Structure formats: C-alpha cells, structure tokens
Amino acid sequence: VPVIETSPIRIENGGKKYVRINVNGALFQTTLQTLVSSRHTQGSMLQRMFSGTVDILTDEEGYVLIDRDGKHFGTVLNYLRDGTIRVPTNKQELHELLKEAQFYLLEEVVKQCQAAIDRDSLENTDSILHESFKFTIPVLTRATHEKFFLQLSKKIPVIRFAYNRSNNKYSYTEKSDNTLLCNIELFDKLSSQHHHRLCFIRDLSGRNEICCWTFYGDGRMLSEISCTSIMYATERKQTKIEFPEAKILEETLNCTLYQTAESPEGSEAASPGAFSYPKNYEDNAPM
C-alpha cells in the first residue's frame, strides 16, 4: 500500500544518498543532490517533491511513485545531472518529451523541444512550398502554328494564355492595368492547382491579342475568351481589358472533361516538364 510522505527527504553524505523512483513501472535511481541541489533542477517539480514542498507517495519497497510515463524520465534525469538534452528526432517522441518537461517545470528542456518543433514545422512548410513551385509553365516567345496546340490537346487538354500589353493602338482605360494583372494572377493560380491535369502555356510570342484565353481538348479548339474591347469615348477610342473570371473558370472546368485515359493525373504526359517547343510547327504567318 503506498505511503504518503509529507516531510522532505533528509540529505545525507553531501546529498549522495540514492533515491529510488518508480515512474509508472519504470524504475530509476539517482542521488538526492541531483533532484534537489543541482542548478538545473531549480524551480522544478522534482525539486519541490523531494524537498518536501509537494507530498509524495512511496511503495512498500521505498520507491517514490510518480504517476507519469517513464519513457523519457531518463532524459529528464540526464538533464538534471549535467544539463545535456538529447532532443528526439522522432516527431511523436519530441512532443512526448515536451509534455514531460512541461509537467516537471523544466524550462530549458521546454525551450529546446519547442525550438525543435518550430524548426520541423518550418522545414515542412519549405517542403510544401518546394513541391508547389517545382513545376514549370512553358512559355512561348515566338510564333507557333495552331496545329501544334491541336495535336498536343489530343494527349492532354491545353489552356493557352496570351497577353501582350504593348500591342495597342489606343490608350488603356483607367482600370485596364488592374484587370490585366487579375488575368495573369488567375492563370498562375489555376496552373498551380491543376498542372497535373491540364497543360498550361503562357504565350508571349506577340500575337494580335492583348489578353486572350484559348482552350483546347480532343484535338480541337473548345473555346476562346478575348478579354479586350474598344471603348468609344467622346474624343478618342480606348482599349478596355476585362476580367471575365466566372467564364474563365467555367471553361477551365469544361477543359478537364477532355482529359484522356492515356494521360492520367500525375503522369509524365500530363506534366508541363514533358513539354518541348514545337520545332515542326514554327511559323511566322498569322495564327
């Protein structure tokens, strides 16, 4: 039957008296000096327990009973002895040690465990960002015949986004720059989300269109969205760039219906990295 001890354990022989501890079945021995007088134990729960501040339980064999998981108690004792901390590399064990350090009020152990958790979290974030940005979007910088996109779309649906702000006879309306940026940002967002299913191509070859989306699938052009129009002002004409987001999203979803069995999601055929510039279809003629 456990016995409640309310008085402090007397320090004898300079604190070299050994204390036996039972932590949920795991047995340990250490000196009373380590538990009470070590500079690393100051303010800890163990110092309070063995200095009489907190009541303790002992069993018939004289073991002090601590109702905690004993898995990491050896790490706790090693820290009290010499101040060294073996921080686990395993994420679960790291969180377990953190909980034990918090219970025993070991501030330095808590700090090091939390720092390790924060580093691991940052590394995971970097890994996720790396995965998100390691794909590449093909960029066309010279004229390409329409046949290329039609043939490519037999393997994987294609979304071609062409923009050329300098291709303008008139001045732009006040909000046109912002709406052009909205189109560019939407293309970047869609390509990052669906690059495993669709082939996104950024066309900077200098086509006549100022801002235009073209959708291909099953060897044919499915639809085209021109985002520019001419505004007739009182004294002059102006070019207006629009942002038909709902229509673009609708056509993008429609494009996914043309994904072929030969190019499943995540396959090499569906990867933008598999894209090569169309040497056979270079053409300076109007598209």
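Preceding this section is the structure that the text describes.
Residues numbered from 1 in each chain as written. Predicted model: local features only at pLDDT ≥ 70, side-chain atom pairs only at ≥ 80, totals over all residues. Heavy atoms only, no water.

Moving on to the overall build of the protein chain. Looking only at helices and strands, the protein chain has 8 helices and 13 strands in total. Once local pairs closer than 6 in sequence are excluded, the contacts in the protein chain between residues at least 24 apart make up 68%. When the accessible surface of the protein chain is split by element, carbon and sulfur atoms take 48% of a total near 16700 Å². (Helix = DSSP H or I, 4+ residues; strand = E, 2+ residues; numbered from the N terminus. Contact = heavy atoms within 4.5 Å. Areas by Shrake-Rupley, 256 points an atom, 1.4 Å probe, with all protein chains shown as cover.)

Spatial strand order, β6-β9-β7-β10-β11: 5 strands in an open sheet with mixed pairing. Looking at which strands have only one partner, the edges of the open sheet turn out to be β6 (139-140) and β11 (220-226). Along the sheet, helix α7 (residues 176-194) contacts β7 (158-163), β9 (199-203) and β10 (211-217); its crossing angle with β9, the most-contacted strand, is approximately 150°. (Pairing = 2+ DSSP bridges. Axes fitted to C-alpha atoms, helices over the stretch in contact; angles between N-to-C directions.)

Time to look at the side chain of arginine 202. Note on placement: arginine 202 falls in strand β9. Within the structure, arginine 202 has its side chain in polar contact with the side chain of aspartate 188 (distance 2.7 Å). Among all residues touching arginine 202, those that are not within four sequence positions of it are Ile137, Pro138, Val139, Leu140, Phe161, Tyr163, Ile184, Phe187 and Asp188. (Polar contact = N/O pair within 3.5 Å; in protein donor to acceptor, adjacent residues only side chain to side chain.)

Looking now at the pattern of salt bridges. Inspection of every chain in the model, using the stated rule, returns 10 salt bridges. We note a salt bridge from arginine 165 to aspartate 177, for which the minimum N-O separation is 2.8 Å. Of the two residues, arginine 165 sits in the loop between β7 and β8 (171-172) while aspartate 177 sits in helix α7, which places them 12 residues apart along the sequence. Residue arginine 165 is classed as partly exposed on the basis of its relative accessible area of 41%. The closest approach of N and O atoms between aspartate 188 and arginine 202, which form a salt bridge, is 2.7 Å. With aspartate 188 in helix α7 and arginine 202 in strand β9, this residue pair connects regions lying 14 residues apart in the sequence. Looking at arginine 202, the relative accessible area reads 15%, which means it is buried. Overlapping salt bridges bring together Lys71, Glu93 and Glu96 as one network. (Salt bridge = Lys/Arg side-chain N within 4 Å of Asp/Glu carboxyl O. Buried < 20%, exposed > 50% of the residue type's maximum accessible area, 1.4 Å probe, protein only.)

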